[in-house]
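This is what each chain is made of:
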Amino acid sequence: SYPVRVASFLPSRERLGWLVAKLAELGVDVFQPLVGPQDRRGGAAPSPSELDRLARVAREAAQQAEQPWVLRIEKPRELSAVVEDDWAIADPEGGELPARVRTVVIGPESGRLELVGAYPRVRLPVGILRVETAAVVAGALLVAFRDGIFDTER
């Protein structure tokens, strides 16, 4: 087993709490909040009190779902400061999720994410999703692959 994470630009405060709760319920290991000038908040990171609130939301959701661990919420950072080799970017025109991917990046509400480098672009089911929905779908896929839920021969 290996840790999986979702890295996402931030939706509104209310929708961010929902995103964190669902990732915690699913058993995602890490949530990496992303900030930048192209996001809804104009690059403003959540306040310390908002991060404390999100940690409480994650704890309560993990307890409710009887998860053996609580989603870890990282310090908000710009994508270029945190991206690693095993990351992929959600893109409606992307391909299949490569087996080596452990993190999916969800772009800002303002549109597609451009990032220098050879990061795979992966397509999530359905098409264009809201930021928080895309983050939860990506988390569910990563957890399902990690936990061996899919029959890869299908």
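Everything below is about the structure printed above this text.
Remember, it's a predicted structure, so these values are computed and weren't measured experimentally.

Procedures and definitions
- Residues numbered from 1 in each chain as written.
- Predicted model: local features only at pLDDT ≥ 70, side-chain atom pairs only at ≥ 80, totals over all residues.
- Heavy atoms only, no water.
- Buried < 20%, exposed > 50% of the residue type's maximum accessible area, 1.4 Å probe, protein only.
- Helix = DSSP H or I, 4+ residues; strand = E, 2+ residues; numbered from the N terminus.
- Expected span 1.5 Å × (residues − 1).
- Arc of directions from axis to C-beta.
- Polar contact = N/O pair within 3.5 Å; in protein donor to acceptor, adjacent residues only side chain to side chain.
- Contact = heavy atoms within 4.5 Å.
- Pairing = 2+ DSSP bridges.
- Right-handed = clockwise from strand over helix to strand, strands pointing away.

Asks: Would you mind showing me how to read unusual backbone geometry here?
Replies: Glycine aside, negative phi is the norm for most residues, and most peptide bonds take the trans geometry. Positive phi, close to 55°, is recorded for E66, a residue that is not glycine. Classification of E66 by relative accessible area gives exposed; the value is 70%.

Asks: Please explain helix α2 (residues 48-64) as it appears in this structure.
Replies: For the α-helix, the turn length of 3.6 residues means that residues three or four positions removed from each other point alike. Between its first and last C-alpha atoms α2 spans 24 Å; for 17 residues at 1.5 Å apiece the expected length is 24 Å, and the two agree. Here α2 has its buried residues at E50, R53, L54, A58, A61 and A62. Seen from one end, α2 has its buried residues packed into an arc of 165°, which puts them on one side. Those residues of α2 that are exposed and angled more than 90 degrees off the buried face are P48, S49, E60 and Q63. One or two steps after α2, the chain reaches E66, where phi turns positive at roughly 55°.

Asks: Mind showing me how you'd approach the side chain of T103 here?
Replies: Summarising the element assignment, T103 is placed in strand β5 (residues 103-106). Classification of T103 as buried rests on a relative accessible area of 1%. A polar contact is formed between the side chain of T103 and the side chain of W87, at a distance of 3.5 Å. When near neighbours in sequence (up to four residues on either side) are disregarded, T103 contacts R5, A7, D86, W87, A88 and L142.

Asks: I'm lost on the pairing of strand β2 (residues 30-34) in this one. Help?
Replies: Of all five residues making up β2, five are buried, and the element is well covered by its neighbours. Alternating positions in β2 separate into two faces, V30, Q32 and L34 on one and F31 and P33 on the other, with burial throughout. Pairing geometry for strand β1 (residues 5-9) and β2, over five bridges, is parallel. Counterpart to R5 in the pairing with β2 is V30. Traced from β1 through helix α1 (residues 13-26) to β2, the parallel crossover comes out right-handed. Bridge analysis of β2 against strand β3 (residues 72-73) gives two bridges, and the strand direction is parallel. Bridge pairing in β3 places F31 opposite I73. With α2 bridging β2 and the parallel β3, this β-α-β connection has right-handed handedness.

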